[in-house]
Amino acid sequence: MESYALLLAATLNAGTVLAIAALGLLINEKAGIVNLGAEGMMLCAAVAGFATVVHTGNDWLGFAAGMGAGALLAAIFGLLVIWLNTNQYATGLALSLFGVGFSAFAGIKYVQEKLPERPHFSIPVLGDIPLVGPALFRQHPLVYLTIAFAIGLIWFLYRTRGGLVLRSVGESPESSHALGYPVRRIRLAAVVVGGALCGLAGAYISVVYTPLWVEGMVAGKGWIALALTTFATWRPARVLLGAYLFGGVTMLQFHLQGVGVDVPSQLLTMLPYVSTIVVLALISRNPAWIRVNMPASLGKPFHPGS
């Protein structure tokens, strides 16, 4: 039972990375913008967050640096695709490739660096409950903040005027523009917020999840986060559920190795990526269902006055 409690705790930790990034990408896509540069943004944010903690010893400053790096890269992406009308998919792929290369270059001197001693978190009383405490109540505060943010995002998108405007921009930017809303500025704001959240996810990886810096350490999590938005049919609650599902699959490989399951480690390492492909293949069998839930103008450029 203790091993299962530890597996659940690890699942929450791993799923938080995917949840933060996927919620950021969901905000982008609700506004009609597809950003395929999540992997690159997360890598740049990971090295920025790690370097900041190395020099300051403050995790929260590291998170802020990661968010700043992600927001900056996202702002550049947004200016290119929203104002200069470059292709969203090609620009996102270019951003991802840039992030991979730049993070490797910028992080060379931090490969051997170590962070200060990591703090241990536990909610008083609840953290001492046998089995349940270690599983649920000894997580980093960002785990609980992520769940709270997902709930807040649901309220914002479906219960506020601002959320309605954001969704309308993703559904019909022409109609929103005709009503007087600044479509391009709204889209840019959504892209920057989404980039900041991807940056936070990247910093969380290098500061909390695996507190070190190694080239390419995001290891495809940005692409899985992108797939999660489709898997969740652009719903924040489903994004959260899917993130912890994929986090559980990721941690299951280590659990199986730990209990001595006689399966090649390479096959176990493939589990998260294979499960992503399987889920997307199953969802793609019903294109009409995707079209019903997908923002109608997703990936389509908008030219005011055209």
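Refer to the preceding data block for the structure.
A brief look at the structure comes next. The structure presented is a predicted model; accordingly, all values stated were derived computationally and were not measured. Throughout, residues of each chain are indexed from 1 in the direction in which the sequence is written. In keeping with the model being predicted, local features are shown solely for residues with a pLDDT of at least 70 and side-chain atom pairs are shown and tallied solely at 80 or more, while totals for entire chains, interfaces and linings include all residues. Neither water nor hydrogens contribute to the side-chain values; these are computed over all heavy atoms in the structure.

Our focus in this paragraph is the overall build of the protein. A run of H or I in DSSP becomes a helix once it reaches four residues, and a run of E becomes a strand once it reaches two; helices and strands are each numbered from the N terminus. Each helix and strand counted, the protein has 13 helices and 0 strands in total. Mapped in sequence order, the helices and strands of the protein form the string α-α-α-α-α-α-α-α-α-α-α-α-α. C-alpha atoms define the radius of gyration in this analysis, and the globule rule sets the expected value at 2.2 Å times the number of residues to the power 0.38. Relative to its length of 306 residues, the protein is compact, with a C-alpha radius of gyration of 20 Å against a globular reference of 19 Å. Dimensions of the protein along its principal axes, counting C-alpha atoms only, are 60 × 45 × 40 Å. Only protein chains enter the area calculation, which uses a 1.4 Å probe; residues under 20% of their type maximum are buried, those over 50% are exposed, and those in between are partly exposed. The buried share of the protein, taken over its 306 residues, is 49%. Considering only contacts within the protein whose residues lie at least 6 apart along the sequence, 78% involve residues at least 24 apart. Only the protein chains shown count as covering a residue, and every accessible area follows the Shrake-Rupley method with a 1.4 Å probe. Carbon together with sulfur atoms contributes 69% to the accessible area of the protein, which is approximately 14400 Å² in total. Charged-residue counts in this description rest on Lys and Arg as positive and Asp and Glu as negative, His and the chain ends being excluded. Charge positions come from single atoms, namely NZ of Lys, CZ of Arg, CG of Asp or CD of Glu. Side chains of the protein give 17 positive and 11 negative charges; the mean places of these two sets differ by 15 Å. Residues count as neighbours in contact if any of their non-hydrogen atoms are within 4.5 Å of one another.

On to helix α10 (residues 221–231), then. The buried fraction of α10 is high, at 8 of 11 residues. Along α10, the residues classified as buried are K221, G222, I224, A225, L226, A227, L228 and T229. After α10 finishes, the residue T233 shows a positive phi value of roughly 50°.

Turning our eyes to something else, we now look at the pattern of salt bridges. Definition used for salt bridges: Asp or Glu carboxyl oxygen within 4 Å of a side-chain nitrogen of Lys or Arg. According to the stated counting rule, one finds 1 salt bridge in the structure shown. Linking D59 and R118 is a salt bridge whose minimum nitrogen-to-oxygen distance equals 2.8 Å. Of this pair, D59 sits in helix α3 (residues 59–83) while R118 is found in the loop between α4 (88–106) and α5 (132–136), placing the two residues 59 residues apart along the sequence. On the accessibility criterion, D59 (10% relative accessible area) is buried. According to the relative accessible area criterion, R118 is partly exposed, its value standing at 22%.

It is worth spelling out the nonpolar core at this point. Put simply, buried Ala, Val, Leu, Ile, Met, Phe, Trp, Tyr and Cys residues joined by side-chain atoms within 4.5 Å make one nonpolar core. Judged by nonpolar contacts, the single largest core of 79 residues is most densely connected at M42, F63, Y204 and W213. Setting aside residues no more than four positions away along its own chain, W213 makes contact with L43, A46, V47, F50, S103, G107, Y110 and V111.

The subject of this paragraph is the packing of aromatic side chains. Ring pairs shown here join Phe, Tyr and Trp side chains whose ring centres sit within 6.5 Å, with only the six-membered ring taken for Trp; geometry is labelled stacked below 30 degrees between planes, edge-to-face above 60, and tilted in between. Inspection of the entire model under this criterion finds 3 aromatic pairs. Between W60 and F63 the ring centres are 5.2 Å apart and the planes differ by 80°, which places this aromatic pair in the edge-to-face class. Within this pair, W60 and its partner F63 are both found in helix α3, separated by 3 residues, close to a single helical turn. Residue W60 is classed as partly exposed on the basis of its relative accessible area, which comes to 44%. Judged by its relative accessible area of 2%, F63 falls in the buried class. Judged by centre distance (5.5 Å) and plane angle (15°), the rings of F98 and F102 are stacked. Here F98 and its partner F102 are both found in helix α4, 4 residues apart, which amounts to about one turn of the helix. On the basis of relative accessibility, which here comes to 39%, the residue F102 falls in the partly exposed class.

This next bit is on unusual backbone geometry. Excluding glycine, residues mostly carry a negative phi; peptide bonds, for their part, are mostly trans. With a phi close to 70°, V125 is a non-glycine residue in the positive phi region. By secondary structure assignment, the location of V125 is in the loop between α4 and α5. Under the relative-accessibility criterion, V125 is labelled exposed at 64%. At W234, a residue that is not glycine, the phi angle is positive and equals roughly 60°. Structurally, W234 can be placed in the loop between α10 and α11 (236–258). On the basis of relative accessible area, W234 is assigned to the buried category, the value being 2%.

Our focus in this paragraph is the environment of F254. As for its placement among the helices and strands, F254 is situated in helix α11. On the accessibility criterion, F254 (45% relative accessible area) is partly exposed. Sequence-wise, F254 and L7 are 247 residues apart; in three dimensions their C-alpha atoms are separated by 9.0 Å.

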